[in-house]
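Here are the chains, one letter per residue:
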Amino acid sequence: MRPDTQRQLAQGMASLPAQWVAGFPLSLDEDGVVGRFFKCELRSVFVPTPVGALAMPRAELAITGPDGEPFPAERLFQLPSGEDGLLKLDRLCRLIHALNHFIVAEQALPLILPIHPRLFDYVRHGHGRTFARLLAHFDLSPARIVLEVPQGLSQSTLDGYLGEGYTLRTALDVALNAQ
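1. Some details on the pairing of strand β3 (residues 40-51)
- Looking at chain direction, strand β2 (residues 32-37) and β3 are connected through 3 bridges and run antiparallel. Bridging across to β3, R36 finds its partner in E41.
- Hairpin connection of β2 to β3: 2 residues between the antiparallel strands, including F38 at a positive phi of 50 degrees.
- Here 11 bridges tie β3 to strand β4 (residues 54-64), and the two strands are oriented antiparallel to one another. For V45, the partnering residue across the bridge sits in β4 and is E60.
- Here β3 hands over to β4 after 2 residues, with G52 in that stretch at a positive phi of 65 degrees.

2. Describing the pattern of salt bridges
- As enumerated under the stated definition, the model contains 9 salt bridges in all.
- For E41, the salt bridge identified is with R43, shortest N-O distance 3.0 Å.
- For E41, a relative accessible area of 23% gives the class partly exposed.
- The shortest N-O distance in the salt bridge between E164 and R129 comes to 3.6 Å. Of this pair, E164 sits in helix α6 (residues 155-164) while R129 sits in helix α5 (residues 129-137), placing them 35 residues apart in sequence.
- Residue E164 is classed as partly exposed on the basis of its relative accessible area, which comes to 26%.
- The network of salt bridges with shared partners includes R58, E60, E148 and R169.

3. Remarks on the confidence of the model for the chain
- Averaged over the chain, the pLDDT score is 87; the fraction of residues at 70 or greater is 92%.
- Looking over the chain, one finds the lowest element-wise mean pLDDT in helix α7 (residues 171-178), namely 51, and the highest in β4, namely 95.

4. Here we look at the packing of aromatic side chains
- For the structure shown, the criterion picks out 4 aromatic pairs.
- With centroids separated by 4.7 Å and ring planes inclined at 65 degrees, the aromatic side chains of F24 and F37 adopt a geometry described as edge-to-face. Here F24 is found in the loop between α2 (18-21) and β1 (26-29), whereas its partner F37 is found in strand β2, with 13 residues between them in sequence.
- According to the relative accessible area criterion, F24 is partly exposed, its value standing at 22%.
- Their ring planes at 75 degrees and their centres at 4.7 Å tell us that F37 and F38 sit as a pair that is edge-to-face.
- What makes F37 buried here is its relative accessible area of 1%.
- These aromatic residues form a ring-pair network of at least three members: F24, F37 and F38.
- We note R94 situated over the ring of F131; from NZ or CZ to the ring centre the distance is 4.7 Å.

Basis of the calculations
Residues numbered from 1 in each chain as written. Predicted model: local features only at pLDDT ≥ 70, side-chain atom pairs only at ≥ 80, totals over all residues. Heavy atoms only, no water. Pairing = 2+ DSSP bridges. Helix = DSSP H or I, 4+ residues; strand = E, 2+ residues; numbered from the N terminus. Salt bridge = Lys/Arg side-chain N within 4 Å of Asp/Glu carboxyl O. Buried < 20%, exposed > 50% of the residue type's maximum accessible area, 1.4 Å probe, protein only. pLDDT = per-residue confidence, 0-100. Phe/Tyr/Trp six-rings, centres within 6.5 Å; stacked < 30°, edge-to-face > 60°. Lys NZ or Arg CZ within 6 Å of the ring centre and 35° of its normal.

What follows is the structure in structure tokens.
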């Protein structure tokens, strides 16, 4: 990463409104953007994923627990109590991935970002709006993001994401590509 890009990214992370990421720390090291949640370190791993004729990167979490050992993502998403904690953890993870993909690695391909399925139990309206504002804070467009959502969401939920400019991919799309 170029020094000027690194400086701009560090300034952008430092000026993030605390309510958008609940004050969970983000930092920048030699490997990219790192987040912290309940003494766990959150990093990005990008897995090439077939989408039609393309192999697009799909973000996954690499988590190190407080003891320095790998920590399962399923367990991480059980840590937050209540909807606010889960919403902010999911948003934090997606932000880490977007920054590592588009700014640190300077990738042009769209990025597939999974959304934790429990999130949909809590969000009632404005799906994707805060994350779109986070992306705009770093001059990134939701049009570069493919959100992976579960099947069976209401049309109003899907329309909320589409209205913010995201592309959507469902479990059905994943199954069709695997065949």
